[in-house]
Amino acid sequence: MAMASSLFFSTPIPTKLISKQKPFYYHSSNPISPQLTHKHSRTLVVSSAAAIEAETQTSNSATTPSKSLPFRVGHGFDLHRLEPGYPLIIGGINIPHDRGCEAHSDGDVLLHCVVDAILGALGLPDIGQIFPDTDPKWKGAPSSVFIEEAVRLMHEAGYELGNLDATLILQRPKVSPHKESIRANLCRLLGADPSVVNLKAKTHEKVDSLGENRSIAAHTVVLLMKK
């Protein structure tokens, strides 16, 4: 028996066997132990893969907006240069002025930021990705086309407008004579009651490009409600 045991342990272990067993950790000289450890390691690998997959799914679900939310809030911002020779269109209304917005479409700064606010609330790409200025079909297009698509996407997702608050920022011209016309047209495009659409206008106190009448900007916040 002693000779047999000596013979067993004196037999060289094949190199291939060592290379196969090397990644698996075991602390016993029992030749059965590597097999058990190998199975245990496979179990650990499978368990780890399942844990990683579960964590990834959890992470993805956390970053993907849930359409079952009762409310959604979105913010939109837009700014355009004012240049001679262009019409100044705000909220779909042509405002008399010696300058207008230089843009690929009609440059309606208010409607652009309203679209971005709705898209943002829905967790969708911004207006520049959906209606790129590299696409010739949007050249000179009325911004009402963009807002109609944003409203369609809103209803398709099962939401309706709760309320909207917009702020125009420009030094000139004065918006107050045109404010109600702009708001009425915005309500019409959104299919919303005037009581849930608010419009404000601010100057920029003659500071930077806005205050120097070289640009115009707008901010919009929207609340969407589940139907």
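Model, not experiment: these values are computed from the prediction.

## Section: the overall build of the chain
Turning to step 1, where the next piece is worked out: The number of helices and strands found in the chain is eight helices and seven strands.
Turning to step 2, where the next piece is worked out: Taking all 227 residues of the chain together, 35% fall into the buried category.
Turning to step 3, where the next piece is worked out: Approximately 13,900 Å² of the chain is accessible, and the part contributed by carbon and sulfur atoms is 59%.

## Here's the deal with the pattern of salt bridges
Turning to step 1, where the next piece is worked out: In the structure shown here, the tally under the stated rule is seven salt bridges.
Turning to step 2, where the next piece is worked out: Arg81 is the salt-bridge partner of Glu102, the closest N and O atoms lying 3.0 Å from each other. You can see Glu102 sitting in the loop between β4 (100-101) and α4 (109-121) and its partner Arg81 sitting in strand β1 (residues 71-83), a full 21 residues away along the chain.
Turning to step 3, where the next piece is worked out: Residue Glu102 is classed as partly exposed on the basis of its relative accessible area, which comes to 30%.
Turning to step 4, where the next piece is worked out: Classification of Arg81 by relative accessible area gives partly exposed; the value is 48%.
Turning to step 5, where the next piece is worked out: The shortest N-O distance in the salt bridge between Arg152 and Glu156 comes to 3.0 Å. Of this pair, Arg152 and Glu156 both sit in helix α6 (residues 144-156), four residues apart, which is roughly one turn of the helix.
Turning to step 6, where the next piece is worked out: With a relative accessible area of 57%, Glu156 lands in the exposed category.

## Some thoughts on the nonpolar core
A general trend in soluble globular proteins is that nonpolar side chains are found buried together.
Turning to step 1, where the next piece is worked out: Core analysis: the biggest nonpolar cluster contains 46 residues, and Ile90, Leu110, Leu164, Leu168, Leu186 and Leu190 have the highest contact counts within it.
Turning to step 2, where the next piece is worked out: When residues of this core are traced back to their parent elements, those giving at least two are β2 (88-90), α4, α6, β5 (159-169), α7 (179-190), β6 (197-202) and β7 (215-226).
Turning to step 3, where the next piece is worked out: With residues up to four places along the chain from it excluded, the contact list for Leu190 reads Val114, Ile118, Ile147, Val151, Leu161, Leu164 and Val197.

## Some words on the pairing of β1
Turning to step 1, where the next piece is worked out: Pairing between β1 and β7: eleven bridges, direction antiparallel. When the bridges of β7 are listed, Phe77 appears paired with His219.
Turning to step 2, where the next piece is worked out: With two bridges connecting them, β1 and β4 associate as antiparallel partners. Bridge pairing links Glu83 to Gly100 in β4.

## Observations concerning the environment of Gly140
Turning to step 1, where the next piece is worked out: Looking at where Gly140 falls in the secondary structure, it is placed in the loop between α5 (127-130) and α6.
Turning to step 2, where the next piece is worked out: Gly140 sits 35 residues away from Ser105 along the chain, and the two C-alpha atoms are 4.0 Å apart.
Turning to step 3, where the next piece is worked out: Apart from the residues lying within four places of it in its own chain, the contact partners of Gly140 are His104, Ser105 and Asp106.

## Points about the sheet that holds β1
The strands making up a sheet associate through hydrogen bonds between their backbones, and the pairing can be parallel or antiparallel.
Turning to step 1, where the next piece is worked out: Read across the sheet, five strands follow the order β4-β1-β7-β5-β6 without closing on themselves; strand pairing throughout is mixed. This sheet does not close on itself; its edge strands, each paired only once, are β4 and β6.

## Quick word on the packing of α6 against α7
Turning to step 1, where the next piece is worked out: Contact geometry of α6 with α7 gives a least axis separation of 9 Å together with a crossing angle of 45 degrees. On the basis of their axis angle, the class for α6 and α7 is oblique. On α7, the residues that touch Ser144, Ile147 and Val151 of α6 are Leu186, Leu189 and Leu190.
Turning to step 2, where the next piece is worked out: Considering only residue class, the contact of α6 with α7 consists of five nonpolar, one polar and no charged.

## Regarding the side chain of Asp106
Turning to step 1, where the next piece is worked out: With respect to the helices and strands, Asp106 occurs in the loop between β4 and α4.
Turning to step 2, where the next piece is worked out: At 11 Å, Arg188 is the nearest oppositely charged side chain to Asp106, a buried residue that forms no salt bridge.
Turning to step 3, where the next piece is worked out: Residues within four places of Asp106 in sequence aside, it is in contact with Ile89, His112, Gly140, Ala141, Pro142 and Ser143.

## Re the environment of Ser209
Turning to step 1, where the next piece is worked out: Considering the arrangement of structural elements, one finds Ser209 in helix α8 (residues 208-211).
Turning to step 2, where the next piece is worked out: For Ser209 and Arg81, which are 128 residues apart along the polypeptide, the C-alpha to C-alpha distance reads 8.4 Å.
Turning to step 3, where the next piece is worked out: Leaving out residues up to four positions away in the same chain, Ser209 has contacts with Arg214 and Ser215.

## Here we look at unusual backbone geometry
Turning to step 1, where the next piece is worked out: The linkage connecting Arg172 with the following residue, Pro173, adopts the cis geometry, with an omega of -5 degrees.
Turning to step 2, where the next piece is worked out: As for its position among the elements, Pro173 is in the loop between β5 and α7.
Turning to step 3, where the next piece is worked out: One non-glycine residue, Lys206, lies in the positive phi region at around 60 degrees.
Turning to step 4, where the next piece is worked out: Along the polypeptide, Lys206 turns up in the loop between β6 and α8.
Turning to step 5, where the next piece is worked out: Residue classification places Lys206 among the exposed residues on the basis of a relative accessible area of 66%.
Turning to step 6, where the next piece is worked out: One non-glycine residue, Asn213, lies in the positive phi region at around 60 degrees.
Turning to step 7, where the next piece is worked out: Here Asn213 lies in the loop between α8 and β7.
Turning to step 8, where the next piece is worked out: Relative accessible area serves as the criterion here: at 1%, Asn213 is assigned to the buried category.

Conventions we followed
- Residues numbered from 1 in each chain as written.
- Predicted model: local features only at pLDDT ≥ 70, side-chain atom pairs only at ≥ 80, totals over all residues.
- Heavy atoms only, no water.
- Helix = DSSP H or I, 4+ residues; strand = E, 2+ residues; numbered from the N terminus.
- Buried < 20%, exposed > 50% of the residue type's maximum accessible area, 1.4 Å probe, protein only.
- Areas by Shrake-Rupley, 256 points an atom, 1.4 Å probe, with all protein chains shown as cover.
- Salt bridge = Lys/Arg side-chain N within 4 Å of Asp/Glu carboxyl O.
- Core = buried A, V, L, I, M, F, W, Y, C linked by side-chain atoms within 4.5 Å.
- Contact = heavy atoms within 4.5 Å.
- Pairing = 2+ DSSP bridges.
- Axes fitted to C-alpha atoms, helices over the stretch in contact; angles between N-to-C directions.
- Parallel < 35°, antiparallel > 145°, perpendicular 65-115°, else oblique.
- Nonpolar A, V, L, I, M, F, W, Y, C, P; charged D, E, K, R; others polar.
- Lys, Arg positive; Asp, Glu negative; His and termini not counted.

Geometric values such as these leave the question of function open.
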